[in-house]
Amino acid sequence: MLDINLGLLLFVAVLFLALVYILNNMLYQPLLNFMDKREETIKKDLEASKEMGSEIEEALSKAHDTIAEAKAKAHEIRESAVNEAKEKAAKVVAGVQQELEEQYNAFVEKLSGERAELKQSIEAKLTDYQKSVQSKLKQI
């Protein structure tokens, strides 16, 4: 049935061991070295990213602080500008109000003068009007 050939078995065993030795030296060892180097590189990159993460957090906190300060300054500038504008507007309104009061007082005085003149004119011509009315009444 099956015969075991010792020479062939020995040749296959030697060939197998030679193949394992050649594969180990040419394929497995370089592949394992590459994988070890890759793992070390990944570890270094992770550590560097953790360090950069803390640096980024510090930079972000500084940026947020700077933005907060800028917003506060902008708010102060806006408030001072609004207050200045309110003061200017109040001065302008007060000036216009004073001018209107002066014009009103001048108008009232002019109106009083015209009223007095009109009254004197009517009183002066009152007798003429009375005569005119009486003559018209006589005609009716």
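Located above this text is the structure these notes cover.
Asker: Any chance you could explain the overall build of the protein chain here in plain terms?
Answerer: A tally of helices and strands in the protein chain yields 2 helices and 0 strands. Taking 2.2 N^0.38 as the reference for a compact globule, 140 residues should give roughly 14 Å; the C-alpha atoms of the protein chain span a radius of gyration of 57 Å, well beyond that estimate. Based on the C-alpha atoms only, the size of the protein chain along its principal axes is roughly 175 × 40 × 20 Å. Looking at the protein chain residue by residue over its 140 residues, the buried ones come to 0%. Split by element, the accessible area of the protein chain, about 13600 Å² in all, is 63% carbon and sulfur. When the 19 positive and 24 negative side-chain charges of the protein chain are each reduced to one mean point, those points stand 16 Å apart.

Asker: Just to check I follow, could you spell out the pattern of salt bridges for this structure?
Answerer: A full pass over the atoms with the stated rule returns 1 salt bridge. For Lys43, the salt bridge goes to Glu39, with nearest N and O atoms at 3.8 Å. Of this pair, Lys43 and Glu39 both sit in helix H1 (residues 6-124), separated by 4 residues, roughly a single helical turn. On the basis of relative accessibility, which here comes to 48%, the residue Lys43 falls in the partly exposed class.

Asker: Where do I start with a negative patch on the surface in this structure?
Answerer: Taken together, Glu47, Glu51, Glu55, Glu57 and Glu58 make up a surface patch of like negative charges. With respect to the element layout, Glu58 can be found in helix H1.

Asker: What exactly am I supposed to notice about the environment of Lys131 here?
Answerer: Tracing the backbone shows Lys131 in helix H2 (residues 126-139). Sequence spacing of Lys131 and Leu32 is 99 residues, and the spatial spacing of their C-alpha atoms is 140 Å.

Asker: Explain a nonpolar patch on the surface to me, please; I cannot follow it from the model alone.
Answerer: Among the surface-exposed residues, Leu19, Tyr21, Ile22, Leu23, Met26, Leu27, Tyr28, Leu31, Leu32, Phe34 and Met35 lie close enough to one another that they form a single nonpolar patch of about 1100 Å² accessible area. With respect to the secondary-structure elements, Met35 resides in helix H1. With a relative accessible area of 47%, Met35 lands in the partly exposed category.

Asker: Can you walk me through H1 in this structure?
Answerer: Since the α-helix advances by 3.6 residues per turn, residues separated by three or four positions end up pointing in the same direction. Taking 1.5 Å per residue as the helical rise, H1 with its 119 residues ought to reach 177 Å, and the 165 Å between its terminal C-alpha atoms agrees with that figure. Roughly 45° is the biggest bend found in H1, and it falls at Asn24.

Asker: Explain the environment of Phe11 here, please?
Answerer: Relative to the helices and strands, Phe11 is located in helix H1. When the C-alpha atoms of Phe11 and Lys110 are compared, they prove to be 140 Å apart, with 99 residues separating the residues in sequence.

Rules used in this analysis
Counting from 1, residues in each chain are numbered in the order their sequence is written. With pLDDT at 70 or above as the cut-off, local features in this predicted model cover only qualifying residues; side-chain atom pairs require 80 or more to be listed or tallied, and sums for whole chains, interfaces and linings still use all residues. As a convention, hydrogens and water are excluded, and side-chain values are obtained from all of the structure's heavy atoms. Helix and strand assignments come from DSSP, with helices taken as H or I runs of at least 4 residues and strands as E runs of at least 2, each series counted from the N terminus. The globule rule used here is 2.2 Å times the number of residues to the 0.38 power, and the radius of gyration it is set against is calculated over C-alpha atoms. Summary of the burial criterion: residues with accessible area below 20% of their type's maximum are buried, those above 50% are exposed, and those between are partly exposed, where the area comes from a 1.4 Å probe applied to protein chains only. Areas reported here follow the Shrake-Rupley algorithm with a probe of radius 1.4 Å; residue values treat only the protein chains shown as occluding. Here the positive residues are Lys and Arg and the negative ones are Asp and Glu; neither His nor the chain ends is included. For charged residues, the charge sits on one atom: NZ in Lys, CZ in Arg, CG in Asp, CD in Glu. Salt bridge criterion: a side-chain nitrogen from Lys or Arg within 4 Å of a carboxyl oxygen from Asp or Glu. Each patch is built from residues lacking any salt bridge and having more than 30% relative accessible area; the joining distance is 9 Å for like charges and 5 Å for nonpolar side chains (Val, Leu, Ile, Met, Phe, Trp, Tyr). Given a helix with a known number of residues, its expected span is that number minus one, times 1.5 Å. To get the bend at a residue, fit one axis to the 7 residues ending there and another to the 7 starting there, then take the angle between the axes.

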